[in-house]
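Fold and contact review
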Amino acid sequence: EFRRDIHVIEPFEIPAEWRRWRGLDFGYTAPACCLWFAIDLERTVYVYRELYVTELPASGFAAKIVELSAGEQISYTLADPATFAKHGHEGESIEVTMRKNGVPLMKANNDRIAGKNIVHEYLKPFQDVSGETRTRLKIFASCTNLIRTLPELVYDKHKPEDVDTRGEDHAYDALRYGLM
């Protein structure tokens, strides 16, 4: 359903009264992606910023998120539940590291099939009362990695209701977490 002509818009200043939140998919060798979301009074969701990086530890990723969010009121940040797993005998989880560095996380709903259905619902075009084609999801043109990777996703041959996770699905996962 992704169509650049109806889903991608030029950036504008998000009104202060719109609720804002973030969704993120952490990776080190694989890309880490954080997306910033806002919702308007008509319940249209806007993805207005992205951070897409590799080889940045959780502390550095959190610091960059804090820097990019300066002056904003962010309600919460949703992350893959795997982010909460403790690594090693004495290591701390990515969630603890992120929290210590200014980005408290909440566990996202990781139901991949339900999440994919929600993404479809937000992408689905509809006609408003004036006959104009609209969508419940708008993506700022500055979110280049989400725009680049979203149309490249393919269905999993063995699980046709899911995307193939061997593809570049990091921005999609952050989108899915944010929309769930």
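Before any of the text, the structure's been laid out above.
A few points on the structure. Every residue gets a number counted from 1 within its own chain, in the order that chain's sequence is written. Since the coordinates come from a predicted model, pLDDT governs what is reported: local features require at least 70, and pairs of side-chain atoms require 80 or more to be given and counted, while whole-chain, interface and lining totals use all residues. To get the side-chain values, all heavy atoms of the structure are used, and hydrogens and water are removed first.

**Quick look at the overall build of the protein**
Every helix listed is a DSSP run of H or I at least four residues long, and every strand listed is a run of E at least two residues long, numbered separately from the N terminus. When its secondary structure is counted, the protein shows six helices and nine strands. When the 180 residues of the protein are sorted by exposure, 49% land in the buried category. Only heavy atoms matter for contacts: two residues are in contact if any of them lie within 4.5 Å across the pair. Relative to all contacts within the protein whose residues are 6 or more apart in sequence, the contacts with residues 24 or more apart total 64%. Carbon and sulfur atoms form 51% of the exposed surface of the protein, whose accessible area is close to 9,500 Å². Each residue is assigned to one of three classes by its accessible area relative to the maximum for its type, calculated with a 1.4 Å probe on protein chains only: buried under 20%, partly exposed between the two thresholds, exposed over 50%. Residue-level accessible areas treat just the shown protein chains as cover; the underlying method is Shrake-Rupley with a 1.4 Å probe.

**Points about the pattern of salt bridges**
For this document, the term salt bridge refers to a Lys or Arg side-chain nitrogen within 4 Å of an Asp or Glu carboxyl oxygen. Applying the stated criterion across every chain, the model contains nine salt bridges. We note a salt bridge from Arg 134 to Glu 42, for which the minimum N-O separation is 3.4 Å. With a gap of 92 residues between them, Arg 134 in strand β8 (residues 133-134) and Glu 42 in the loop between β3 (32-39) and β4 (45-53) connect regions that are remote in the sequence. Residue classification places Arg 134 among the partly exposed residues on the basis of a relative accessible area of 23%. Each of the salt bridges in this network shares a partner with another, and the network as a whole consists of Arg 20, Arg 49 and Glu 72.

**Structural notes on the sheet that holds strand β5 (residues 77-79)**
Pairing between strands is defined by DSSP: at least two bridges between the two strands are required. The strand order across the open sheet formed by seven strands is β1-β9-β4-β3-β2-β5-β6, and the pairing between neighbours is mixed. The outermost strands of the open sheet, each flanked by one partner alone, are β1 (8-9) and β6 (106-107). Bridge count between β3 and β4: eight bridges; the pairing is antiparallel. When the sheet's bridge partners are listed, Cys 34 is paired in β4 with Leu 51. All axes are obtained by fitting lines to C-alpha atoms, using only the stretch in contact for helices, and the reported angles, taken between N-to-C directions, cover 0 to 180 degrees. Helix α6 (residues 170-179) contacts β2 (19-25), β3, β4, β5 and β9 (137-140) of the sheet and is inclined by roughly 35° relative to β3.

**So, the packing of aromatic side chains**
Centres within 6.5 Å make a pair out of two Phe, Tyr or Trp rings, where for Trp the six-membered ring is used; the pair is then stacked when the planes are under 30 degrees apart, edge-to-face when over 60, and tilted otherwise. In this structure the tally under the stated criterion is eight aromatic pairs. Residues Trp 21 and Tyr 76 carry aromatic rings whose centres are separated by 6.3 Å and whose planes lie at 25° to one another, so their mutual orientation is stacked. In this pair, Trp 21 sits in strand β2 while Tyr 76 sits in the loop between α2 (58-68) and β5, placing the two residues 55 residues apart along the sequence. The exposure class of Trp 21 is buried, given its relative accessible area of 6%. Judged by relative accessible area, Tyr 76 falls into the partly exposed class, the value being 24%. Seen in terms of ring centroids, Tyr 48 and Phe 140 are 6.4 Å apart; in terms of plane orientation they differ by 65°. Their pairing is edge-to-face. Here Tyr 48, found in strand β4, pairs with Phe 140, found in strand β9; they are 92 residues apart in sequence, far enough to count as distant.

**A short note on the nonpolar core**
Think of a nonpolar core as a cluster: buried Ala, Val, Leu, Ile, Met, Phe, Trp, Tyr and Cys residues, connected wherever their side-chain atoms sit within 4.5 Å. Judged by nonpolar contacts, the single largest core of 49 residues is most densely connected at Met 98 and Leu 175. For this core, the element with the highest residue contribution is β3, accounting for eight residues. Met 98 has contacts with Leu 24, Ala 58, Phe 61, Ala 62, Ile 65, Val 103 and Leu 105, leaving out every residue within four places of it along the chain.

**Focus: the side chain of Lys 138**
As for its position among the elements, Lys 138 is in strand β9. When charges are tallied, Lys and Arg are placed among the positive residues and Asp and Glu among the negative ones, while His and the ends of the chain are skipped. The charged side chain of Lys 138 is buried without a salt bridge, its nearest counter-charge being Glu 132 at 6.5 Å. Apart from the residues within four sequence positions on either side, Lys 138 is in contact with Ile 6, His 7, Ile 9, Thr 44, Val 45, Tyr 46 and Val 47.

Note that every value here comes from positions in space, so none of it alone points to a role or purpose.
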